[in-house]
Amino acid sequence: ASAPAATLSDVAFGEVLLCSGQSNMAYQLQQTAEWPLIVNDTAYWDTPDLRLLSFAPSVAGWWPADNRSVAPAFSAICYFAGRDLLARLGVPVGLVASSVGGTPIECWTRAEVVATCPDAVANNQTLDGAGNLFEAWIRPLAPMALRAVLWDQGEQNMVPNSPLVQATGASLWRAYACMFPAMID
């Protein structure tokens, strides 16, 4: 006996971009200065080859052809980068937004990598959540064929005169420099 036939519809083949990081990447399209100018522009939203997926653990996602339903709360940086890629490449572009505001890079990096970065190890507060966002928000995406990753890390790791740095003597800058390349591997 043969397997039942399957019908696929509304399928696009192209490039997929993962957009991740903290608050700057989580900044929503509806919060931008451009939003009032584009919200009712039908021609602007006629982009069936630009697919948006907001990823969060335990939330079912979809890639709608009509972006108006998900775009307002979608990452503004990711959306504008995706529109630019769509225009430049001329092939469908899928965007996966997976970001959480106010989070340090240690949370987005595998815990075993964080442990190899001396300045991160000196900062015990960051080790408490080491790898937790990587495990929940990035690892589930591993089977996806990604063409590129757009990362935006804000101020959480870039406060050289913070009380934490002064108290521990750790350099968050050096810790970031150690962990960021490991995120790419």
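What counts, and where the lines are drawn
Residues numbered from 1 in each chain as written. Predicted model: local features only at pLDDT ≥ 70, side-chain atom pairs only at ≥ 80, totals over all residues. Heavy atoms only, no water. Helix = DSSP H or I, 4+ residues; strand = E, 2+ residues; numbered from the N terminus. Buried < 20%, exposed > 50% of the residue type's maximum accessible area, 1.4 Å probe, protein only. Contact = heavy atoms within 4.5 Å. Areas by Shrake-Rupley, 256 points an atom, 1.4 Å probe, with all protein chains shown as cover. Patch = residues over 30% accessible without salt bridge, like charges linked within 9 Å, V, L, I, M, F, W, Y side chains within 5 Å. Salt bridge = Lys/Arg side-chain N within 4 Å of Asp/Glu carboxyl O. Polar contact = N/O pair within 3.5 Å; in protein donor to acceptor, adjacent residues only side chain to side chain. pLDDT = per-residue confidence, 0-100. Phe/Tyr/Trp six-rings, centres within 6.5 Å; stacked < 30°, edge-to-face > 60°. Pairing = 2+ DSSP bridges. Axes fitted to C-alpha atoms, helices over the stretch in contact; angles between N-to-C directions. Expected span 1.5 Å × (residues − 1). Arc of directions from axis to C-beta.

Caption draft 1: Focus on the overall build of the chain. Looking only at helices and strands, the chain features 10 helices and 4 strands. Tracing the chain from N to C terminus, the helices and strands come up as β-α-α-β-α-β-α-α-α-α-α-β-α-α. With 185 residues in all, the chain has 41% of them scored as buried. Taking the intrachain contacts of the chain between residues at least 6 apart in sequence as the baseline, contacts between residues at least 24 apart amount to 73%. Of the roughly 10,100 Å² of accessible surface on the chain, a fraction of 57% belongs to carbon and sulfur atoms.

Caption draft 2: Representation of a nonpolar patch on the surface within the structure. On the surface, L8, V11 and F13 cluster together to form a nonpolar patch covering roughly 390 Å² of accessible area. Within the fold, V11 resides in the segment before β1 (15–21). According to the relative accessible area criterion, V11 is partly exposed, its value standing at 45%.

Caption draft 3: Up close: the side chain of S75. Topologically, S75 is positioned in the loop between β2 (50–54) and α3 (76–89). Separated by 3.1 Å, the side chain of S75 and the backbone nitrogen of C78 make a polar contact. Contacts of S75, omitting those with residues within four sequence positions, involve M25, Y27, L29 and A97.

Caption draft 4: Here's a closer look at the confidence of the model for the chain. Confidence in the prediction of the chain, expressed as mean pLDDT, is 80, and 78% of residues score 70 or more. The secondary structure element of the chain with the lowest average pLDDT is helix α7 (residues 124–127), at 50, and the one with the highest is α3, at 93.

Caption draft 5: Up close: the packing of aromatic side chains. Counted by the stated rule, this structure contains 6 aromatic pairs. Centre to centre, the rings of Y44 and Y79 are 6.4 Å apart; their planes meet at 40 degrees, and the pair counts as tilted. Residue Y44 is located in the loop between α2 (35–38) and β2, and its partner Y79 is located in helix α3; the two are separated by 35 residues in the primary sequence. Taking the relative accessible area as the measure of exposure, Y44 reaches 15% and is therefore buried. Ring geometry for W45 against Y79: centres 5.7 Å apart, planes inclined by 45 degrees, an arrangement best described as tilted. Of the two residues, W45 is situated in the loop between α2 and β2 and Y79 in helix α3; the sequence distance between them amounts to 34 residues.

Caption draft 6: Main features of the sheet that holds strand β3 (residues 93–99). Taken together, 4 strands build an open sheet; the order of strands is β2-β3-β1-β4 and the sheet is parallel. Looking along the sheet, the strands with just one partner apiece sit at the ends: β2 and β4 (148–152). Geometrically, the sheet is characterised by an average inter-axis angle of 20 degrees between neighbouring strands, direction not taken into account. Here 7 bridges tie β1 to β3, and the two strands are oriented parallel to one another. Paired with G21 across the bridge in β3 is S99. On top of the sheet, α3 reaches β1, β2, β3 and β4; it is set at about 160 degrees to β3, its chief contact.

Caption draft 7: Here's a closer look at the pairing of β1. Along β1, 6 of the 7 residues are buried, which leaves the element largely enclosed by surrounding structure. Alignment of β1 against β4, held across 5 bridges, turns out to be parallel. Each residue of the ladder has a partner; that of L17, found in β4, is A148.

Caption draft 8: Spatial organisation of α3. Look at α3: 20 Å from first C-alpha to last across 14 residues, which is about the 20 Å you get at 1.5 Å a residue. Every buried residue of α3 is accounted for by A76, C78, Y79, G82 and L86. Looking down the long axis of α3, one finds its buried residues gathered within 165 degrees of arc, a one-sided arrangement. Residues of α3 that are exposed and point more than 90 degrees away from the buried face comprise A87 and R88. Considering only its buried residues, α3 is in contact with β1, α1 (23–26), β2 and β3. Its side-chain oxygen 3.1 Å from the backbone nitrogen of C78, S75 forms the N-cap of α3.

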